[in-house]
Amino acid sequence: MSTLTIIANIHAKADKIDLVKTELLKLVPITRADAGCINYDLHQDNEDPAHFTFFENWESREIWQEHMNAPHLAAYMAATDGAVEQFTHTEMTKVY
């Protein structure tokens, strides 16, 4: 079974950057402790502070889907309701 790489892009509304960043930061230590999480790294764009990116690696897609249904992710969604302009994610597999 191959690992799954996730690239998640979160664009906060301009007046909600601090809120979104605070809530994203809360996810990091909890998620890193999840079984099957290889890495879970949060980045903020140097020129657009409203743009955040998670670079994630998981042991499998099934484990990542469990993460997507975890209580801490639901809490993040509730706390940032209406504060995120756009969210996209890409599922990838390392080829080299």
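The structure presented is a predicted model; accordingly, all values stated were derived computationally and were not measured.

The rules behind these values
Residues numbered from 1 in each chain as written. Predicted model: local features only at pLDDT ≥ 70, side-chain atom pairs only at ≥ 80, totals over all residues. Heavy atoms only, no water. Helix = DSSP H or I, 4+ residues; strand = E, 2+ residues; numbered from the N terminus. Rg over C-alpha atoms; globule rule 2.2 N^0.38 Å. Buried < 20%, exposed > 50% of the residue type's maximum accessible area, 1.4 Å probe, protein only. Contact = heavy atoms within 4.5 Å. Lys, Arg positive; Asp, Glu negative; His and termini not counted. Charge placed at Lys NZ, Arg CZ, Asp CG, Glu CD. Expected span 1.5 Å × (residues − 1). Arc of directions from axis to C-beta. Axes fitted to C-alpha atoms, helices over the stretch in contact; angles between N-to-C directions. Parallel < 35°, antiparallel > 145°, perpendicular 65-115°, else oblique. Nonpolar A, V, L, I, M, F, W, Y, C, P; charged D, E, K, R; others polar. Phe/Tyr/Trp six-rings, centres within 6.5 Å; stacked < 30°, edge-to-face > 60°.

## Describing the overall build of the chain
Next, step 1: Tallying secondary structure elements over the chain gives three helices and four strands in all.
Next, step 2: The secondary structure elements of the chain, listed N-terminal to C-terminal, are β-α-β-β-α-α-β.
Next, step 3: Taken against the 2.2 N^0.38 rule, which gives 12 Å for 96 residues, the C-alpha radius of gyration of the chain at 13 Å falls within 12% of a compact globule.
Next, step 4: Over its C-alpha atoms, taken along the principal directions, the chain stretches across nearly 40 × 30 × 20 Å.
Next, step 5: Residues counted as buried form 38% of the 96 residues belonging to the chain.
Next, step 6: A separation threshold of at least 6 residues defines the contact pool for the chain, and within that pool the share at least 24 residues apart is 71%.
Next, step 7: With 7 positive and 15 negative side-chain charges, the chain shows a spacing of 3 Å between the two charge centroids.

## Points about helix α1 (residues 17–32)
Next, step 1: Across its 16 residues, α1 extends 23 Å between first and last C-alpha, which sits within 8% of the 22 Å expected from 1.5 Å per residue.
Next, step 2: Of all the positions in α1, only I17, V20, E23, L24, L27, V28 and T31 are classed as buried. Buried residues along α1 cover an arc of 165° about the axis, so they all sit on one side. Away from its buried face by more than 90 degrees, α1 exposes D18 and P29.
Next, step 3: Of the surrounding secondary structure, the elements contacted by the buried residues of α1 are β1 (4–12), β2 (37–44), β3 (51–58), α2 (61–68), α3 (71–79) and β4 (84–92).

## Comments concerning the packing of α1 against α3
Next, step 1: Close contact between α1 and α3 brings their axes to 10 Å; oriented N to C, the two are set at 180°. Relative to α3, α1 is oriented roughly antiparallel. Counting all contacts with α1, which are made through L19, V20, E23, L24, L27, I30 and T31, the residues of α3 involved are H72, L73, Y76 and A79.
Next, step 2: Its residues assigned to classes, the contact of α1 with α3 comprises eight nonpolar, two polar and one charged.

## Section: the side chain of H67
Next, step 1: One can find H67 in helix α2.
Next, step 2: A residue is classified by how much of its surface remains accessible, and H67, at 3% relative accessible area, is buried.
Next, step 3: If near-sequence neighbours (up to four positions away) are discounted, H67 is found in contact with T31, D34, Y40, E56, W58, H72 and L73.

## Things to note about the packing of aromatic side chains
To describe a pair of aromatic rings, you give the distance between the ring centres and the angle between the ring planes.
Next, step 1: Tallied over the entire structure, the rule returns two aromatic pairs.
Next, step 2: With a centroid separation of 6.4 Å and an interplanar angle of 75°, the aromatic rings of Y40 and W58 are classed as edge-to-face. With a gap of 18 residues between them, Y40 in strand β2 and W58 in strand β3 connect regions that are remote in the sequence. Side by side, Y40 and W58 carry an identical accessibility label, which is buried.
Next, step 3: Feature note: the residues Y40, F54 and W58 constitute an aromatic cluster, connected by ring pairs.

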